[in-house]
Amino acid sequence: MAALEENPTSRGADMTGLLELRGVSKIYGDLHALSGVDLTVPSGEWLSIVGPSGSGKTTLMNIVGAMDKATEGTVVLDGMDLSEMRPKDLAAIRRNTVGLIFQKFHLIPHLSAVENVMVAQYYHSMPDEAEALDALEKVGLKDRASHLPAQLSGGEQQRVCIARALINYPKLILADEPTGNLDAANEQIVLDIFHSLHREGTTLIVVTHDLDVARQGQREIALDHGKVVRELRHA
Ligand code: ADP
Ligand code: MG
């Protein structure tokens, strides 16, 4: 019976885990920023990650987003084992498979909104202004396309970042405190965008310390001292 309920060796189409972490640790000297994390994220899930400052949330996002390597353990994303990959192949994952949204906006100040979105295309394929405008339209900002970041509100800047993350139609969106700098109205706009991405089948992992934001996910895990200490499902 137990073998039917849990078979850690099965992987692939039947399990539809877009992301699988097994025994993932990140160790700095004697600090375990992550310590033996096991996590399966099915394709299409919206997963919230909560936990106190320093609990390893950003470390986890960086490893899943192919920006950092685990010290121990395996990370399989979309069938590819990131722990085994060379830097060149990790760069391809960052370009093609994941879309990254941060708390700090990281917009280039002297480029317009549409040009900031097009920066992501340079790494991917041919810059295509029409496609960048479509991405801005998705986040309700097509009429702000020629504005510079300084001419946009914080909420609008975050929506430009989301448009930039969406440009390559990533399977997985990683958002690290995406509403941390936003007021309630802009937080709601960002959540509405996440809900429509979720309806379209995009997999979302959202780090937040806002309990209302966390509750929007289908499942919530809590990290503490680099370990998953709690998991709950939302209705
Ligand atoms: P969170 O995002 O949950 O606030 P982080 O993942 O940023 O936590 O950090 C987890 C722990 O790892 C913290 O104790 C942090 O100081 C430590 N840490 C993160 N990056 C490094 C690094 N490059 N060198 C040493 N320690 C680090
Ligand atoms: Mg963090």
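Residues numbered from 1 in each chain as written. Chains lettered and ligands numbered in written order. Predicted model: local features only at pLDDT ≥ 70, side-chain atom pairs only at ≥ 80, totals over all residues. Heavy atoms only, no water.

**Student:** What should I look at first to understand the pattern of salt bridges in this one?
**Tutor:** Side chains bearing opposite charge may pair, as long as their charged atoms lie close to each other. Tallied over the entire structure, the rule returns twelve salt bridges. A salt bridge links Asp 78 to Lys 171; the nearest nitrogen and oxygen atoms lie 2.9 Å apart. Placement of Asp 78 in the loop between strand S4 (72–77) and strand S5 (80–81) and of Lys 171 in the loop between helix H6 (154–166) and strand S7 (172–176) is noted, with a sequence separation of 93 residues between them. The exposure class assigned to Asp 78 is partly exposed, which follows from its relative accessible area of 29%. (Salt bridge = Lys/Arg side-chain N within 4 Å of Asp/Glu carboxyl O. Helix = DSSP H or I, 4+ residues; strand = E, 2+ residues; numbered from the N terminus. Buried < 20%, exposed > 50% of the residue type's maximum accessible area, 1.4 Å probe, protein only.)

**Student:** Help me understand the packing of aromatic side chains, please; the structure alone is not making it clear to me.
**Tutor:** Considering all chains together, one arrives at one aromatic pair under this definition. Summarising the aromatic geometry, the rings of Trp 46 and Phe 194 are spaced 6.1 Å apart at their centres and angled 80° between planes, so their arrangement reads as edge-to-face. Taken together, the positions of Trp 46 in strand S3 (residues 46–50) and Phe 194 in helix H7 (residues 184–199) put the pair 148 residues apart, joining distant regions of the chain. In this pair, the class of Trp 46 matches that of Phe 194, namely buried. (Phe/Tyr/Trp six-rings, centres within 6.5 Å; stacked < 30°, edge-to-face > 60°.)

**Student:** Can you help me understand the pairing of strand S6 (residues 98–102) in this one?
**Tutor:** Within a regular strand, side chains alternate between the sheet's two faces. With four of five residues buried, S6 lies mostly within the body of the structure. In the sheet, S6 pairs with S7 via five bridges, with the strands oriented parallel. Across the sheet, the residue bridging to Ile 101 is Ala 175, located in S7. (Pairing = 2+ DSSP bridges.)

**Student:** Would you mind showing me how to read the nonpolar core here?
**Tutor:** Nonpolar side chains tend to gather and get buried jointly when the protein is soluble and globular. Ranked by internal contacts, the top residues of the largest apolar core, which has 34 residues, are Val 117, Leu 136, Val 160, Ile 162 and Phe 194. Every element with two or more residues in this core is listed here: helix H4 (113–122), helix H5 (129–138), H6, S7, H7 and strand S8 (203–207). Ignoring any residue separated from it by four or fewer positions in sequence, one finds Ile 162 in contact with Ile 101, Val 139, Val 190, Ile 193 and Phe 194. (Core = buried A, V, L, I, M, F, W, Y, C linked by side-chain atoms within 4.5 Å. Contact = heavy atoms within 4.5 Å.)

**Student:** Is there a simple way to think about the environment of Pro 42 in this case?
**Tutor:** Positionally, Pro 42 belongs in strand S2 (residues 31–42). Distance in space between the C-alpha atoms of Pro 42 and Glu 20 is 8.6 Å, their sequence separation being 22 residues.

**Student:** When you look at the sheet that holds S6 in this model, what are you seeing that I'm missing?
**Tutor:** Paired through their backbone hydrogen bonds, the strands of a sheet run either parallel or antiparallel. Strand order in the open sheet made by the six strands is S6-S7-S8-S3-S9-S10, with mixed pairing throughout. Looking at strand neighbours, the two that pair on one side only are S6 and strand S10 (227–233), the edges of this open sheet. In this sheet, neighbouring strand axes are inclined to one another by 15° on average, regardless of whether the strands run parallel or antiparallel. The pairing of S3 with S8 spans four bridges and is parallel. Bridging across to S8, Ser 48 finds its partner in Val 206. Contacts from helix H2 (residues 57–64) reach S3, S6, S7, S8 and strand S9 (219–224), with the element oriented near 155° to S7. (Axes fitted to C-alpha atoms, helices over the stretch in contact; angles between N-to-C directions.)

**Student:** How should the site of ligand 1 be read in this particular structure?
**Tutor:** Lining the immediate surroundings of ligand 1 are Tyr 28, Leu 31, Ala 33, Pro 52, Ser 53, Gly 54, Ser 55, Gly 56, Lys 57, Thr 58 and Thr 59. Contact distances for ligand 1 include 3.2 Å between an oxygen atom and a backbone N or O atom of Ser 55. Summarising the interface, the protein chains cover 58% of the accessible area of ligand 1, which totals 560 Å² for the free molecule. Going through the elements one at a time, S2 and H2 are the ones with two or more residues in the shell around ligand 1. If you tally residues by element for the shell around ligand 1, the top one is H2, at three residues. Among the residues forming the shell around ligand 1, the class breakdown is four nonpolar, six polar and one charged. (Near = heavy atom within 4 Å. Polar contact = N/O pair within 3.5 Å; in protein donor to acceptor, adjacent residues only side chain to side chain. Areas by Shrake-Rupley, 256 points an atom, 1.4 Å probe, with all protein chains shown as cover. Nonpolar A, V, L, I, M, F, W, Y, C, P; charged D, E, K, R; others polar.)

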